[in-house]
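Spelled out, the chains give:
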Amino acid sequence: MAYHSIWNDFESEEIARVPILPIRTSFKGPSPRWEGDEGTMDIVEEALYYYRANVFFRSYDVEGGGDRIIIYLTLYITECLKQMSRITNKDGSLTSMHQLAIKPFSLPGDRGFPLNSFYGTCQNKNEKERLKQYLTQLREEVGKRLTERVYRSGRADKWWIVFTKRKFLNMSLGKN
């Protein structure tokens, strides 16, 4: 059984069935200011914490908006790890993760977005831009935190890099 998000019942604005959840971040974006205590996991921490368990699943029953973000971030973490497998140091990884985060990517409702069955579509250009900003903010924060975990000892941790070959839900955000 896959791990589900503690954020599924959190009341927040939604765009294309993606909740705009608060996250601990220094990156600019539409995420509400984090007001939780230090012991509470935000959605980014939760995705990183459950990644190595959830990545083995070929199916995932969505129980709420938090799960939709977990699905997206799990696939994004895999893309990050693929990049990190070719990088030898933390500084190089931070640069690469920033570039990956801001690189053009498809959004829910776009042709070619692999997870359209889990999401809705944006109602207008403003919603689409706001969703893009939020996902970019999440991607930047994931890249930063993942780099801290993977390069904790100064070089890439093989117990993270080994997951580059796994395909969560048998899908990928990147071009294969």
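Structural notes, computed from the coordinates.

Definitions and limits used
- Residues numbered from 1 in each chain as written.
- Predicted model: local features only at pLDDT ≥ 70, side-chain atom pairs only at ≥ 80, totals over all residues.
- Heavy atoms only, no water.
- Helix = DSSP H or I, 4+ residues; strand = E, 2+ residues; numbered from the N terminus.
- Rg over C-alpha atoms; globule rule 2.2 N^0.38 Å.
- Contact = heavy atoms within 4.5 Å.
- Core = buried A, V, L, I, M, F, W, Y, C linked by side-chain atoms within 4.5 Å.
- Buried < 20%, exposed > 50% of the residue type's maximum accessible area, 1.4 Å probe, protein only.
- Phe/Tyr/Trp six-rings, centres within 6.5 Å; stacked < 30°, edge-to-face > 60°.
- Expected span 1.5 Å × (residues − 1).
- Polar contact = N/O pair within 3.5 Å; in protein donor to acceptor, adjacent residues only side chain to side chain.
- Axes fitted to C-alpha atoms, helices over the stretch in contact; angles between N-to-C directions.
- Parallel < 35°, antiparallel > 145°, perpendicular 65-115°, else oblique.
- Left-handed = near helix turned anticlockwise from the far one by under 90°.
- Nonpolar A, V, L, I, M, F, W, Y, C, P; charged D, E, K, R; others polar.
- 1 Å grid on protein atoms, 1.4 Å probe; cavity = no way out; pocket = protein on both sides within 12 Å on 5 of 7 lines; lining within 4 Å.
- Points joined across faces, edges and corners; volume = space filled by probe spheres on them.
- Arc of directions from axis to C-beta.

### Some remarks on the overall build of the protein chain
Move 1: Secondary structure assignment for the protein chain yields 5 helices and 2 strands.
Move 2: Secondary structure elements of the protein chain occur, N-terminal to C-terminal, as β-β-α-α-α-α-α.
Move 3: In terms of overall dimensions, the protein chain is globule-like: its C-alpha atoms have a radius of gyration of 15 Å, near the 16 Å expected for 176 residues.
Move 4: Judged by the C-alpha coordinates and their principal axes, the protein chain covers about 45 × 35 × 30 Å.
Move 5: Intrachain contacts of the protein chain at a sequence separation of at least 6 include 72% that bridge at least 24 residues.

### A word on the nonpolar core
Move 1: Core analysis: the largest hydrophobic core is formed by 51 residues, its most contacted members being I43, L81, L138 and L146.
Move 2: Listed by contribution, the elements that provide at least two residues to this core are α1 (43-54), α2 (65-84), α3 (90-102), α4 (125-150) and α5 (158-161).
Move 3: For this core, the element with the most residues is α2, which contributes 11 residues.
Move 4: If near-sequence neighbours (up to four positions away) are discounted, L138 is found in contact with I23, I43, V44, I69 and L73.

### Points about the packing of aromatic side chains
Move 1: As enumerated under the stated definition, the model contains 9 aromatic pairs in all.
Move 2: Consider the rings of F56 and F163, whose centres lie 5.8 Å apart with planes at 75 degrees: the pair is edge-to-face. On the criterion of sequence distance, the pair formed by F56 in the loop between α1 and α2 and F163 in the segment after α5 is long-range, its members being 107 residues apart.
Move 3: Three or more aromatic residues joined by ring pairs form one cluster here, namely Y51, F56, W160 and F163.

### Structural notes on the environment of R24
Move 1: The topology assignment puts R24 in the loop between β2 (18-19) and α1.
Move 2: Remark: the alpha-carbon pair of R24 and V44, spanning 20 residues in sequence, is separated by 8.4 Å.
Move 3: Once residues within four sequence positions are removed from consideration, R24 is found in contact with W34, D37, E38, T40, D42, E141 and R145.

### Let's talk about α4
Move 1: Its 26 residues place the ends of α4 37 Å apart at the C-alpha level, agreeing with the 38 Å of an ideal helix rising 1.5 Å per residue.
Move 2: N-capping of α4 is provided by N124, with a side-chain oxygen placed 3.1 Å from the backbone N of N126.

### Things to note about the packing of α1 against α4
Move 1: Between α1 and α4, the least distance of the axes is 10 Å, while the angle of their chain directions is 50 degrees. By the angle between their axes, α1 is oblique relative to α4. The two elements α1 and α4 meet at a crossing, and its hand is right-handed. Contacts between α1 and α4 involve I43, V44, E45 and L48 from the former and Y134, L138, E141, V142, R145, L146 and R149 from the latter.
Move 2: Across the contact of α1 with α4, the residue classes tally to 7 nonpolar, no polar and 4 charged.

### Some words on empty space enclosed by the protein
Move 1: Evaluation of the coordinates by the stated rule reveals 1 cavity of 30 Å³ or more.
Move 2: Of the voids in this model, the largest cavity is the one considered here, and its volume is about 40 Å³.
Move 3: Contributing to the lining of the largest cavity are V18, R68, I69, Y72, P108, F113, Y119 and L135.
Move 4: Per element, the largest residue contribution to the lining of the largest cavity is 3 residues, and it comes from α2.
Move 5: Counted by class, the lining of the largest cavity contains 7 nonpolar, no polar and 1 charged residues.

### Focus on unusual backbone geometry
Move 1: Backbone geometry places A16, a non-glycine residue, at a positive phi of 55 degrees.
Move 2: When you line up the elements, A16 lands in the loop between β1 (14-15) and β2.

### Overview of α3
Move 1: Between its first and last C-alpha atoms α3 spans 19 Å; for 13 residues at 1.5 Å apiece the expected length is 18 Å, and the two agree.
Move 2: Among the residues of α3, those classed as buried are S93, S96, M97, L100 and A101. Buried residues of α3, viewed axially, fall in a sector of 135 degrees; they line one side.
Move 3: Looking at the packing, one finds that the buried side of α3 touches α2 and α4.

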